[in-house]
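Chain by chain, the residues:
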Amino acid sequence: IFPNTLQVLLHDNISVINAIMFIHIVNKGSKKMAKKRIVLEIGMGTDIRGKDYTKAACRALKDALWHNSLGISDILNVDVDSMWVEVSIGIPKPQEVNTDKVLEILPHGTGRVSCEHGGLEIKNPNLDDCTIIANAAAVVYLDIPEETSL
């Protein structure tokens, strides 16, 4: 199957599910596997009071993940727990985030969490406190047949 097949099928108004099923059927029997990027999920989380950077990061990842239901592993006959997820958190104080706790949020598979400077810290001038806003990006990968062009 030629590169960019999914984009071509979608351009012809074929649903994502049908397009993926078509690609899987065409590629059935292939044994070479490759780690392929399947989806990018984006979220935002806050800690209104308490200066808890880990709580804001966890809420951002939950926001990214809980708005989706990925059935692609079933379609491709791949174990959902074989997913690899690269999580990036943008937060004002990256060093304050417990990345192991953030990684525990993943419902399936395994992955890695990295934090970088970003998000917002909004000071409350009346209290010794602030609101923390974190952004999360979760890139989901699956091992699927090399010839599958997603």
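Counting restarts for each chain, with residues numbered from 1 along the sequence as it is written. Where local features are concerned, this predicted model is filtered to residues with pLDDT of at least 70; where side-chain atom pairs are given and counted, the filter is 80 or more; whole-chain, interface and lining totals use all residues. For side-chain calculations, the full set of non-hydrogen atoms in the structure is used, while hydrogens and water are omitted.

**Some words on the environment of His117**
Okay, step 1: One can find His117 in strand 3 (residues 110-117).
Okay, step 2: The class of His117 is exposed, set by a relative accessible area of 63%.
Okay, step 3: His117 sits 17 residues away from Ala134 along the chain, and the two C-alpha atoms are 9.7 Å apart.
Okay, step 4: His117 has contacts with Ile91, Pro92 and Pro94, leaving out every residue within four places of it along the chain.
Okay, step 5: Nitrogen and oxygen atoms within 3.5 Å of one another constitute a polar contact, given that in protein one can donate a hydrogen and the other can accept it, and given that sequence-neighbouring residues count only through two side-chain atoms. At 3.4 Å, the side chain of His117 and the backbone oxygen of Pro92 are in polar contact. Secondary structure elements follow DSSP: runs of H or I no shorter than four residues count as helices, runs of E no shorter than two count as strands, and numbering proceeds from the N terminus. Burial classes: relative accessible area under 20% of the type maximum marks a residue as buried, over 50% as exposed, and values in between as partly exposed (1.4 Å probe, protein chains only). Between two residues, a contact is recorded if the distance between any of their heavy atoms is within 4.5 Å.

**Section: the layout of surface pockets**
Empty space among the atoms can be located by rolling a probe the size of a water molecule over them.
Okay, step 1: Put simply, the largest pocket is a space of about 230 Å³.
Okay, step 2: Forming the boundary of the largest pocket are 13 residues, of which Leu65, Leu70, Met83, Pro107 and His108 lie nearest the centre.
Okay, step 3: Residues of the lining of the largest pocket, tallied by class, amount to 9 nonpolar, 3 polar and 1 charged. Cavities and pockets are defined on a 1 Å grid built over the protein atoms alone: a cavity is a set of grid points where a 1.4 Å probe fits but cannot escape, while a pocket is an open set with protein on both sides within 12 Å along at least five of seven lines, and lining residues are those with an atom within 4 Å of any such point. Grid points are joined across faces, edges and corners, and a volume is the space filled by probe spheres set on the points. In the scheme used here, Gly and all other residues not listed as nonpolar or charged are polar, with Ala, Val, Leu, Ile, Met, Phe, Trp, Tyr, Cys and Pro taken as nonpolar and Asp, Glu, Lys and Arg as charged.

**As for the nonpolar core**
Okay, step 1: Counting 29 residues, the largest nonpolar core has Leu61, Val87, Ile89, Ile91 and Val102 as the members making the most contacts within it.
Okay, step 2: Looking at this core, the elements with two or more residues in it are helix 3 (53-65), strand 2 (84-91) and strand 5 (129-145).
Okay, step 3: With 8 residues, the top contributor of residues to this core is strand 5.
Okay, step 4: Each residue touching Val87, except ones within four places of it in the same chain, is listed here: Leu61, Leu106, Arg112, Val113, Ser114, Ala137 and Ala138. Residues grouped as a nonpolar core are buried Ala, Val, Leu, Ile, Met, Phe, Trp, Tyr and Cys residues, joined through side-chain atoms within 4.5 Å.

**As for the pattern of salt bridges**
Okay, step 1: Just to be clear on terms, a salt bridge is a Lys or Arg side-chain nitrogen sitting within 4 Å of an Asp or Glu carboxyl oxygen. A full pass over the atoms with the stated rule returns 4 salt bridges.
Okay, step 2: The closest approach of N and O atoms between Lys55 and Asp47, which form a salt bridge, is 3.9 Å.
Okay, step 3: On the basis of relative accessibility, which here comes to 35%, the residue Lys55 falls in the partly exposed class.
Okay, step 4: Here Lys51 ties to Asp128 by a salt bridge, and the two come within 3.5 Å at their closest N and O atoms. Residue Lys51 is found in the loop between strand 1 (33-47) and helix 3, and its partner Asp128 is found in the loop between strand 4 (120-124) and strand 5; the two are separated by 77 residues along the sequence.
Okay, step 5: Of the residues examined, Lys51 reaches a relative accessible area of 36% and is grouped as partly exposed.

**Remarks on helix 3**
Okay, step 1: Between its terminal C-alpha atoms helix 3 stretches 19 Å, which fits the 18 Å expected from 13 residues at 1.5 Å a residue.
Okay, step 2: By the burial criterion, the buried members of helix 3 are Tyr53, Thr54, Ala56, Ala57, Cys58, Ala60, Leu61, Ala64 and Leu65.
Okay, step 3: Among the structural elements, strand 1, strand 2, helix 5 (99-103), strand 4 and strand 5 are those in contact with the buried residues of helix 3.
Okay, step 4: The backbone nitrogen of Thr54 lies 3.2 Å from a side-chain oxygen of the residue at the head of helix 3, namely Asp52. Multiplying 1.5 Å by the residue count of a helix minus one yields the expected span of that helix.

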